[in-house]
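Examining the three-dimensional arrangement
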Amino acid sequence: MTSPPSLDELERAAAEHDLEIVGQLLDASNAVFFARLGPIPVAYKPVRGERPLWDFPTGCLAHRERASYLLDRAGGFGVVPPTILLDGPLGTGVAQWWITDPDDLLATDDGDTTDDGGETNDDETNDDDDLEVEVEGFEDEEEVDSSLFAFLPPKARAPGWLPVFAGELPDGRPVVFAHADSPELRRVAVFDAIVNNSDRKGSHVRRSPTGHLWGIDHGVTLHTDPKLRTVLWGWAGDPLPETDLAAVAAVRAALDAADLHGELGELLTAAEIDALTARVDHLLATGLHPLPAPGWPAVPWPVL
C-alpha cells in the first residue's frame, strides 16, 4: 500500500482483522513492531513496551501519538500518518500506517550493508558545486533524506539551505548542519511548535513512495513545559506563512469543538490541554515561528 489509508479504512481494518506482528525494530528506543491489519502495514507500539521517562511522568507515549494525529488532522497539516489506538497481541498500543515500502523492510541482503544506488560524496570537503559533506557513523544515517538535511562546509554559499548550528565531525572537520528551505518541511516545523515536539530528528521526517513528506515518532510531545527540541530551527523568529497560519487557526477552532476536546481529554491531562491551547494562541498572536526555550536543549541528539 503506497497511499495512506483513510482513518475510516484503518479503523475498519482494525475491526475486521486481528493485528499480525511480522517483525520487531530492534534499534528502537521503545518496543516497535512492523505489523499488518489485513492489507494495511502498520507500526505497532504497545504501551507495555514503553520505557519510563523522568520528564514525561503522566500518561503514555501511545496517547501522545494519537493526540498528535488528531491535532494534525484538525489543522489539515498532513504530517502525521493515520494513527489509531487498539488492543493488539501485546496489549493496548498505537497502530500507525507504515509509510515506507514494506518490501524494503522485509528484504534481506545477506549481510551486505552497502548503499543501494544512493549518491555518496568524497571524504574531502566539497566545493560550492557539491556542498554536502559525507558523514559516516551517525545513527539512522541511511534513513535520512539528503535533500532535506546536510552537513555543509563553513562559509560555503548554500542557496536553498538554512543553517541550524556549527560543529565538527569525528575527524575534526568543521561543518554547519543545515536543513532545506522547503515549504513542506516548514509545515512540519509549524506542527511541531503546536505539539511541543521534543524529539524532531532528521530521521523522523520521511517520504512515502508517492513522495509525500511525513513526520513520525510523536510520543514525546504535548508537555506542559516548553520542550521544543528540533533540527528545524532555520525559520526561528520568522513570520509564519499564511497557509500555515490558517492551519494553526483551524487547530484553535477545533480545540473549542466538543468532539476533539473530549477525545483529547481521554488522552492528555487538563493541564496539558491548557498548555496546548496557550501555545496555539501564542502562535496566532505573534504570527512567528518560536525561538528555542532557555534552559532546555534546543537540538536533539543525535540530530539524525
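Assigned secondary structure in the protein consists of seven helices and 10 strands. By residue count, 47% of the 304 residues in the protein fall in the buried class. Taking the intrachain contacts of the protein between residues at least 6 apart in sequence as the baseline, contacts between residues at least 24 apart amount to 67%. Split by element, the accessible area of the protein, about 14,900 Å² in all, is 50% carbon and sulfur.

Glancing now at the pairing of strand S3 (residues 40–46). For S3, the buried fraction is high: seven of the seven residues fall into the buried class. The two faces of S3 match: Ile40, Val42, Tyr44 and Pro46 on one face and Pro41, Ala43 and Lys45 on the other face are all buried. Relative to S3, strand S2 (residues 33–37) runs antiparallel, the two sharing five bridges. Bridge pairing in S3 links Phe33 to Tyr44.

Once that is clear, we can look at the sheet that holds strand S7 (residues 161–168). Taken in spatial order, the three strands line up as S6-S8-S7 in an open sheet, and their pairing is antiparallel. The outermost strands of the open sheet, each flanked by one partner alone, are strand S6 (149–152) and S7. In this sheet, adjacent strand axes meet at a mean angle of 25° when their direction is disregarded. Pairing analysis gives four bridges linking S6 to strand S8 (residues 174–180), with the strands arranged antiparallel. Bridging across to S8, Phe149 finds its partner in His179.

Across all of its chains, the model carries seven aromatic pairs by this definition. Measuring from centroid to centroid gives 4.9 Å for Phe34 and Trp98, while their planes differ by 70°, and the two rings are edge-to-face. Of this pair, Phe34 sits in strand S2 while Trp98 sits in the loop between strand S5 (91–97) and helix H3 (102–106), and the two are 64 residues apart along the sequence. Ring geometry for Phe165 and Phe177: centres 5.4 Å apart, planes at 20°, overall stacked. Taken as a pair, Phe165 in strand S7 and Phe177 in strand S8 lie far apart in primary sequence, 12 residues in all. Residue Phe165 is classed as partly exposed on the basis of its relative accessible area, which comes to 26%. The rings of Phe149, Phe151, Phe165 and Phe177 are connected pair by pair, giving a single aromatic cluster. Between the NZ or CZ atom of Lys227 and the centre of the ring of Trp296, over which it lies, the distance is 3.9 Å.

Calculation criteria
Residues numbered from 1 in each chain as written. Predicted model: local features only at pLDDT ≥ 70, side-chain atom pairs only at ≥ 80, totals over all residues. Heavy atoms only, no water. Helix = DSSP H or I, 4+ residues; strand = E, 2+ residues; numbered from the N terminus. Buried < 20%, exposed > 50% of the residue type's maximum accessible area, 1.4 Å probe, protein only. Contact = heavy atoms within 4.5 Å. Areas by Shrake-Rupley, 256 points an atom, 1.4 Å probe, with all protein chains shown as cover. Pairing = 2+ DSSP bridges. Axes fitted to C-alpha atoms, helices over the stretch in contact; angles between N-to-C directions. Phe/Tyr/Trp six-rings, centres within 6.5 Å; stacked < 30°, edge-to-face > 60°. Lys NZ or Arg CZ within 6 Å of the ring centre and 35° of its normal.

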